[in-house]
Amino acid sequence: MRSVLCFGEALIDFHAEGRDAHGYPRAFVPFAGGAPANVAVAVARLGGDARFAGMLGTDLFGDLLLDSLHRAGVDTRDVARTGEANTALAFVALDAHGERSFSFYRPPSADLLFRPQHFRADTFANTAMFHICSNSMTEPQAAETTREGMRRARDAGALVSFDLNLRPALWPSGIEIRPLLWPALQLADLVKLSAEEFAWLAEADGEESVLERLWQGDTRLVVVTDGPNPLRWFHPDAEGELPAYRVPAVDTTAAGDAFVGGLVQQLAEQQIGPRDLDALVATLPRLHALLRYAAAAGALTVTRQGSFTALPDTAEVHAFMESHS
């Protein structure tokens, strides 16, 4: 099986535990995380061939992340290390419904120092999917490295996947983010958005304008998730929606990453490349089966705390789907 290569940030999510008399957390517990790293782990747990490319600090947290990726079954030959910056940290607080908020300690951080020369000569060989998110685009040189990776993956015949995963707190204040994201959005064959992100992109000109702009690039499939509400999908010639699974939410931290991991793992397993997306959409039962599988992986993840630790394996996903019609 050709591999799924995930590129970008890997960081430590510190989750709050307990409350003192004034309502502040008593402790923060470290969990290995970071959106693209989560996707890589999700793919590995679901039986796929997963690789991760990115820069880690030569600090304790970089060691923890590298070990966690190894133990999850992710190939880390494309991970670089640096002593010029520390590994990024994120402190996560959960509300009563499991919805999270982040406080980031980044930049400067090691993940933003990965450059095109850090890709190995054969990084993109035998790669079925190349997945990124916007968190590697918050610094100009890191953004260009991300786009260069997307171009190299496309040249190698890989399907390029982009989860917007917008975190405004990571971006410099006072800048307009949308123009910085569009070049990458239009380089992706598959774009995954949350309902809030879709609304944010459509704020000025509406959803149809966003979709038309994507179709002018390389995009052939857009998937919009909305928690327990129906997910929507769009193609230049078709669109539809599917009901989502409703489960009690404990922690939503890696739910979107689990969804993406389930989707790209299934695409890779079924050998669906960029030129096959039109045929996939033309066979709705097959497309819907892929999306239901991805939705089940996401739903299972919100029932657990953590990032890597919350991601399900393929047996759990199949059992969940059998018990939730």
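Residues numbered from 1 in each chain as written. Predicted model: local features only at pLDDT ≥ 70, side-chain atom pairs only at ≥ 80, totals over all residues. Heavy atoms only, no water.

Caption draft 1: Spotlight on the sheet that holds strand S13 (residues 238–242). Taken in spatial order, the nine strands of this open sheet run S5-S4-S1-S8-S9-S10-S11-S12-S13, and their pairing is mixed. Strand pairing shows two members of the sheet lacking a second neighbour, strand S5 (75–82) and S13, which therefore form its edges. Averaged over all pairs of adjacent strands, the angle between strand axes in this sheet comes to 15°, irrespective of strand direction. Direction of pairing for strand S9 (residues 159–163) relative to strand S10 (residues 190–194): parallel, over a ladder of three bridges. Pairing of Phe162 across the sheet is with Val191, part of S10. Together, strand S1 (3–7), strand S8 (127–133) and S9 form the strand contacts of helix H3 (residues 140–155), whose direction differs from that of S8 by roughly 160°. (Pairing = 2+ DSSP bridges. Helix = DSSP H or I, 4+ residues; strand = E, 2+ residues; numbered from the N terminus. Axes fitted to C-alpha atoms, helices over the stretch in contact; angles between N-to-C directions. Contact = heavy atoms within 4.5 Å.)

Caption draft 2: Structural detail: the pattern of salt bridges. Following the criterion strictly, the structure yields 19 salt bridges and no others. A salt bridge links Arg71 to Asp67; the nearest nitrogen and oxygen atoms lie 2.6 Å apart. Separated by four residues within a single helix, Arg71 and Asp67 lie in helix H2 (residues 60–71), roughly one turn from each other. For the salt bridge of Arg120 with Asp122, the shortest nitrogen-to-oxygen distance reads 2.4 Å. Overall, the relative accessible area of 25% leaves Arg120 in the partly exposed class. Several salt bridges share partner residues, and in doing so they unite Glu144, Arg147, Glu148, Arg151 and Arg152 into one network. (Salt bridge = Lys/Arg side-chain N within 4 Å of Asp/Glu carboxyl O. Buried < 20%, exposed > 50% of the residue type's maximum accessible area, 1.4 Å probe, protein only.)

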